[in-house]
Amino acid sequence: MNPATPATLPELSENATPQEILAKGLLAAGGPVKLACSFSVEDLVIIDLVQQAKLPIGIFALDTGRLNEETYEVAEGITERYRINIDWYYPRREEVEELLRAKGPYSFRESLENRHECCRIRKVEPLNRALSGLKGWVTGMRKEQSATRTELPLLELDLLHGGLVKINPLANWSEAEVWEYAKKHRLPVNKLHAQGYPSIGCAPCTRAIEEGEHPRAGRWWWENPEHKECGLHRRH
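The residue numbers shown here count from 1 along each chain, following its written sequence. At least 70 in pLDDT is required for a residue's local features to be given in this predicted model, at least 80 for side-chain atom pairs to be given and counted, and no such filter applies to totals for whole chains, interfaces and linings, which use all residues. Side-chain metrics rest on all non-hydrogen atoms present in the structure, leaving aside hydrogens and water.

With that settled, consider the overall build of the protein. Counting secondary structure elements, the protein contains six helices and six strands. What counts as a helix is a DSSP run of H or I of at least four residues, what counts as a strand is a run of E of at least two, and both are numbered from the N terminus. Starting at the N terminus and walking to the C terminus, you meet the elements of the protein as α-β-α-β-α-β-α-α-β-β-β-α. Think of it in three bands: residues with accessible area under 20% of the maximum for their type are buried, residues over 50% are exposed, and the middle band is partly exposed, with areas taken using a 1.4 Å probe on protein chains only. Within the protein, the proportion of its 236 residues that are buried is 50%. Contacts in the protein between residues far apart in sequence, at least 24 positions, make up 71% of those at least 6 positions apart. Summing over all exposed atoms, the protein offers an accessible surface of approximately 12000 Å²; the carbon and sulfur share of this is 50%. In what follows, residue pairs with any heavy atoms lying within 4.5 Å of each other are defined as contacts. Accessible surface is estimated by sampling points in the Shrake-Rupley manner with a 1.4 Å probe; for residues, cover comes only from the protein chains shown.

Written out as structure tokens, the structure reads:
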């Protein structure tokens with residue numbers, strides 16, 4: 001990957017629409033760009049926007065081996081609705097086997113270090129392969145999602161992955177705006193959302209939330225809020 005330079009990032013108003021952010025991000029990247037899709041409602045909104053605008057943005061997904069069945073149903077719904085391909089990436093079998101033999105299937109609940117190890121094997125390493133050869137990638141992250149994302153820019157240089165242009169078209173959207181779009185366009189959202197799961201990751205690391213809890217309270221619920229990232233979106 002050839003590192004981009006700061007000059008490649010255009011100026012964008014904080015009021016820029018997701019379509020404008022995507023278009024400017026594509027131009028800045030100057031090469032292949034894909035959406036990192038976890039099949040969240042945000043990702044579905046982005047896929048619909050991309051398809052409507054006929055933008056040359058592909059899709060890849062990480063199958064950690066511990067996803068909910070409902071997540072695969074969303075993936076199937078997306079491919080059927082838009083007739084598009086999803087590039088799936090999986091953890092390396094040898095690393096998963098070694099982890100399970102050494103520490104068992106729930107080591108990630110024993111310490112933050114163990115959880116990061118599991119995420120590295122099941123998410124971070126496959127992500128590195130997925131990003132190989134790309135010039136940019138798109139995420140469904142939003143500023144209000146968690147304490148670790150409040151300073152999220154619309155476009156940024158992902159220096160941890162060789163200077164790729166990272167595009168966050170929904171950074172300024174609220175949860176209400178996301179769901180308004182999803183309902184208006186009848187997107188095939190995950191059934192678990194209706195069961196109290198606003199944020200969905202791997203099955204054993206996600207629970208339904210109680211009324212009044214933060215939307216991401218069900219992710220790695222045994223950890224402090226400032227630790228609730230898996231390593232996919234580190235900025236330094």
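Moving on from the coordinates now.
Let us now look at the pairing of strand S1 (residues 33-36). With burial as the criterion, each face of S1 is covered, one bearing Val33 and Leu35 and the other bearing Lys34 and Ala36. Whether two strands pair depends on DSSP finding at least two bridges between them. Pairing analysis gives four bridges linking S1 to strand S2 (residues 57-62), with the strands arranged parallel. The residue of S2 that forms the bridge with Val33 is Ile57. Handedness is read with the strands pointing away from the viewer; a crossover is right-handed when the path from the first strand over the helix to the second is clockwise. Between the parallel pair S1 and S2, the chain is carried across by helix H2 (residues 41-53), and the sense of this crossover is right-handed.

Across the sheet, six strands lie side by side as S3-S2-S1-S4-S6-S5; this open sheet has mixed pairing. Strand pairing shows two members of the sheet lacking a second neighbour, strand S3 (87-89) and strand S5 (155-158), which therefore form its edges. Ignoring strand direction, the axes of neighbouring strands in this sheet form an average angle of 30°. Alignment of S5 against strand S6 (residues 164-167), held across four bridges, turns out to be antiparallel. By the bridge assignment, Leu155 is partnered in S6 with Ile167. Seen against the sheet, helix H5 (residues 112-131) touches S2, S3, strand S4 (136-138) and S6 and runs at an angle of roughly 155° to S2. Only the stretch in contact is used when a helix axis is fitted, and all axes are lines through C-alpha atoms; the angle between N-to-C directions ranges over 0 to 180 degrees.

Attention shifts here to the packing of helix H4 (residues 93-103) against H5. At their nearest, the axes of H4 and H5 sit 10 Å apart, and the two run at 160° to each other. When the axes of H4 and H5 are compared, the pair comes out roughly antiparallel. The chirality of how H4 crosses H5 is left-handed. When H4 is examined against H5, the residues Glu95, Val96, Leu99, Leu100 and Lys103 are found in contact with a partner set consisting of Asn114, Glu117, Cys118, Arg120, Ile121, Arg122 and Glu125. When its residues are assigned to classes, the contact of H4 with H5 shows five nonpolar, one polar and six charged. Small angles under 35 degrees read as roughly parallel and large ones over 145 as roughly antiparallel, with 65 to 115 read as roughly perpendicular and the rest as oblique. The hand of a helix crossing depends on one turn: near helix anticlockwise from the far one by less than a right angle means left-handed, and clockwise means right-handed. Note on residue classes: Ala, Val, Leu, Ile, Met, Phe, Trp, Tyr, Cys and Pro are nonpolar, Asp, Glu, Lys and Arg are charged, and everything else, Gly too, is polar.

Put simply, the grid is 1 Å and covers the protein atoms alone, a cavity is a trapped set of points that fit a 1.4 Å probe, a pocket is an open set with protein on both sides within 12 Å along at least five of seven lines, and lining residues have an atom within 4 Å of a point. Grid points are joined across faces, edges and corners, and a volume is the space filled by probe spheres set on the points. Tallying each qualifying case throughout the model produces three cavities of 30 Å³ or more. Put simply, the largest cavity is a space of about 110 Å³. Class assignment of the residues belonging to the lining of the largest cavity gives a composition of seven nonpolar, two polar and five charged.

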